Amino acid sequence: MKRSYIFIVFFLFLLLSACSDSDDRSFTIDKVSIDAHINENGTIDVKEVFTYNFDGIFEGTTRTIKSDLSSFRAYLANDTSIYQDTAFLDSLRVEKDDQTWKVYSDSENEMKTFIYEYVITSDSITKYQDIGEFKYAFFDASNETDLHDVTITVHTPHDSSQGMHSFLKDDAGGELMETASGIEYTNSLVEKGDTVTFRMIFPSDQLVAMGVDRDKTMESFILEEESKLSERASLLNDKTESILPFVYGGIIACLLALVILIVVRPNRYRGAKDADLIMHTVEEADPLLLHYFHGINRISVAGLNAALFSLRRQGIISVKKVQSSVEVLGKTYCYTWEDENASLQESDLFLKEWLFKEKDESGHYFRLDSLTTNHNATNKQKKANSKKVKKSYKRWRKKAYRDLKHTLKKDKHIGLLSIFALLAPVMIALLYYYHLTIQPIREGEQIILTFILLLFLGSSLLFRAKKSILSMMYLYIMFSALMLFNLDEGTIGSLFFILAVGITGLFMPFNYWSEEIKLLKFAGKQAEIMYKKKEYPVGDNENLVQKRMENAIVLKRGYWYQSKVYDNPAFQVMPEIPDAYIYTRSFDNVIHYYGDSSNSSGGSSGSSSGGGGAGAF
């Protein structure tokens with residue numbers, strides 16, 4: 001034990017040492033000047049000056065630019081002026097790594113100024129019939145360095161502001177001014193993660209060497225759109241403040257409800273909890289129902305075994321251990337259909353038609369190993385067999401869910417809290433939509449976000465018992481709001497309210513179970529623990545031991561209980577006791593052969609091009 005403490009202390013010392021070493025060097029960017037000139041062909045010549053103050057030893061600097069560009073060059077400057085001629089400066093070694101350029105220049109405890117020159121070749125200028133549109137962000141959320149004393153100048157192709165209009169979306173609170181040749185942005189501090197996006201329109205006849213991208217007029221539309229956005233931004237605080245009492249009251253109500261739900265837990269079983277009652281309950285329960293509640297209202301592949309156990313207990317089928325026809329499997333189990341006149345549920349009837357196809361003098365039968373391909377089969381054959389079995393399994397599972405829904409109908413009740421669980425997503429959706437109508441976001445974005453919201457809301461109401469869909473709606477609302485909304489007090493309060501309602505809704509049961517089901521769910525959990533700890537008794541009654549072994553397999557504790565059963569001398573005269581190893585691998589190995597896997601990738605683009613940041617290495 002003492003050695004363990006010494007090791008932990010030593011590890012923490014190394015960790016702290018590593019952290020302290022990483023803090024031995026730092027840098028700041030004390031001044032940034034950018035001059036961009038739009039050309040008549042739609043490309044943009046950019047010149048940037050970054051002044052670094054290094055504390056420690058560095059190999060160079062970095063500049064990330066999320067645009068298509070060419071001719072990136074870097075120089076060590078004589079001063080901080082944007083106007084110095086690079087023709088008389090020595091260029092620095094540059095390496096490109098994806099969208100990041102590494103500029104090599106050894107530095108140690110000194111101040112240096114670097115000049116970057118490059119040409120933006122596409123995506124930043126759109127030409128319409130009447131105007132050219134420049135939409136660009138020189139820095140965005142990926143920037144990891146604070147930028148001090150920032151000046152950004154953009155010139156129109158003809159260095160004229162006639163017919164020009166400019167707009168700014170700025171997280172950093174800078175100032176945009178129109179000049180005789182374009183626009184100029186100034187800010188004393190652009191913090192890391194801040195996005196500064198420019199939008200400028202000017203007469204299209206200045207882009208004489210560029211073809212028309214979109215054959216329509218856009219000036220009046222853009223001016224009207226920006227006017228609406230500006231008006232919304234100016235009224236946002238007043239609009240959001242009006243809902244603050246509702247928001248704060250809702251948060252308090254949700255927190256109180258959450259505390260009550262955690263303490264009371266409406267579906268908690270509160271009756272007798274002795275071991276005899278637990279064992280009696282699970283041993284008399286339908287194995288498929290036990291499997292369903294053990295899977296938190298889900299049916300998995302193991303549910304097929306539970307369905308067979310259920311039919312056996314009803315006397316509809318019988319089971320016998322036999323030699324497997326697949327050599328590597330050793331033993332398997334053969335089920336014979338005994339009662340041809342039995343009244344069957346839809347899922348049981350499908351199980352019979354799917355599995356019990358073979359027939360001998362005893363009747364229709366099914367062997368567990370019959371779904372397994374020969375071990376000499378090719379991977380392609382095994383995969384095809386798996387696909388075929390999986391398709392039938394999914395059809396059976398769908399029918400089994402319907403049968404269980406019908407069986408449990410009398411045990412489900414809807415109460416006052418269930419009504420709240422139904423109304424919660426509606427309240428959240430209405431609040432979110434209200435913000436969509438007052439936030440300074442563009443009409444196209446508002447339409448798309450509203451459509452997605454309606455899609456989630458419809459899914460949440462249609463599949464109201466599936467809390468995973470509700471969780472997706474809450475995450476969508478929270479993430480999209482954080483990305484697109486102006487986060488004033490009212491908006492932040494609304495997000496906390498949505499979060500509070502969402503968490504409360506996830507804790508709130510939509511259905512209330514009868515006392516019998518509460519007991520069954522409780523007994524199933526306790527029985528699983530008893531099986532795992534090997535505290536569940538074996539006994540000497542073969543039928544009872546068979547039930548108990550089946551339940552152990554259903555509760556996924558077959559291996560634990562089997563070792564205890566095998567140690568019991570009475571087991572030697574109980575040949576039909578289920579083998580957990582055979583049952584566990586029977587359906588699962590076939591259906592999940594080369595299990596489903598998929599790789600997805602996606603991307604999104606903002607309404608403006610550009611973005612990036614600056615750093616050092």
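In the block above lies the structure referred to throughout.
Below is a summary of the structure that appears in this document. No experiment lies behind these values; they were computed from the predicted model shown. Residue positions are given per chain, counted from 1 along the sequence in the order it is written. Owing to the predicted nature of the model, reporting of local features is limited to residues with pLDDT of at least 70; listing and counting of side-chain atom pairs is limited to 80 or more, with chain, interface and lining totals taken over all residues. To get the side-chain values, take all heavy atoms of the structure and skip hydrogens and water.

What about the sheet that holds strand β7 (residues 111-120)?
For clarity, the cut-off: For two strands to pair, DSSP has to find at least two bridges joining them. Helix numbers and strand numbers start at the N terminus; a helix is a DSSP run of H or I with at least 4 residues, a strand a run of E with at least 2. Where helices are involved, their axes are fitted lines through C-alpha atoms of the stretch in contact, as for all axes, and angles between N-to-C directions lie from 0 to 180°.
Strand order in this open sheet of 7 strands is β4-β7-β2-β1-β10-β13-β12, and the pairing throughout is mixed. The open sheet has two edge strands with one neighbour each: β4 (69-76) and β12 (175-178). Averaged over all pairs of adjacent strands, the angle between strand axes in this sheet comes to 15°, irrespective of strand direction. Pairing analysis gives 12 bridges linking strand β1 (residues 26-38) to strand β2 (residues 44-55), with the strands arranged antiparallel. Bridge pairing in β2 places Ser33 opposite Val49.

Considering the sheet that holds strand β17 (residues 358-360)
Picture the strands of a sheet paired through backbone hydrogen bonds; they go either parallel or antiparallel. Read from one edge of the open sheet, 4 strands run β15-β16-β18-β17, paired in antiparallel fashion. This sheet does not close on itself; its edge strands, each paired only once, are β15 (317-323) and β17. Strand-to-strand twist in this sheet, taken as the mean axis angle between neighbours without regard to direction, amounts to 35°. Pairing geometry for β17 and strand β18 (residues 363-367), over 3 bridges, is antiparallel. Across the sheet, the residue bridging to Asp360 is Gly363, located in β18.

Some details on helix α13 (residues 515-532)
The periodicity of an α-helix, 3.6 residues per turn, causes residues three or four positions apart to be oriented the same way. Inclusion rule: A helix is expected to span 1.5 Å multiplied by its residue count minus one. Buried residues are those whose accessible area, probed at 1.4 Å on protein chains only, stays under 20% of the maximum for their type, while exposed residues exceed 50% and partly exposed ones sit between those limits. Pairs of residues are marked as contacts when any of their non-hydrogen atoms sit within 4.5 Å.
Relative to the 26 Å expected for 18 residues at 1.5 Å per residue, α13 spans 26 Å between its end C-alpha atoms, a close match to the ideal helical length. All buried positions along α13 are accounted for by Ile517, Lys518, Leu519, Leu520, Phe522, Ala523, Gly524, Ala527, Glu528, Met530 and Tyr531. Tucked into the core, α13 has its buried residues touching α4 (275-284), α5 (287-294), β20 (512-513), α14 (542-554) and α15 (558-566). Immediately beyond the C-terminal end of α13, within one or two residues, lies Lys534, with a positive phi of roughly 60°.

As for the environment of Lys321
As for its position among the elements, Lys321 is in strand β15. Residue Lys321 is classed as partly exposed on the basis of its relative accessible area, which comes to 28%.

Some remarks on the nonpolar core
Nonpolar side chains in soluble globular proteins tend to end up buried together. What counts, and what does not: For this analysis, a nonpolar core means a set of buried residues of the types Ala, Val, Leu, Ile, Met, Phe, Trp, Tyr and Cys, connected via side-chain atoms within 4.5 Å.
Ranked by internal contacts, the top residues of the largest apolar core, which has 63 residues, are Leu308, Tyr335, Leu351, Trp354, Phe366, Trp396 and Phe587. A per-element tally of this core places α13 first, with 8 residues. Here Tyr335 is in contact with Leu308, Phe309, Ile317, Ser318, Val319, Phe356, His364, Tyr365, Phe366 and Tyr583, once residues within four sequence places are set aside. If you look at the next biggest cluster of nonpolar residues, it comprises 42 residues, including Ile38, Ile125, Val150 and Tyr185.

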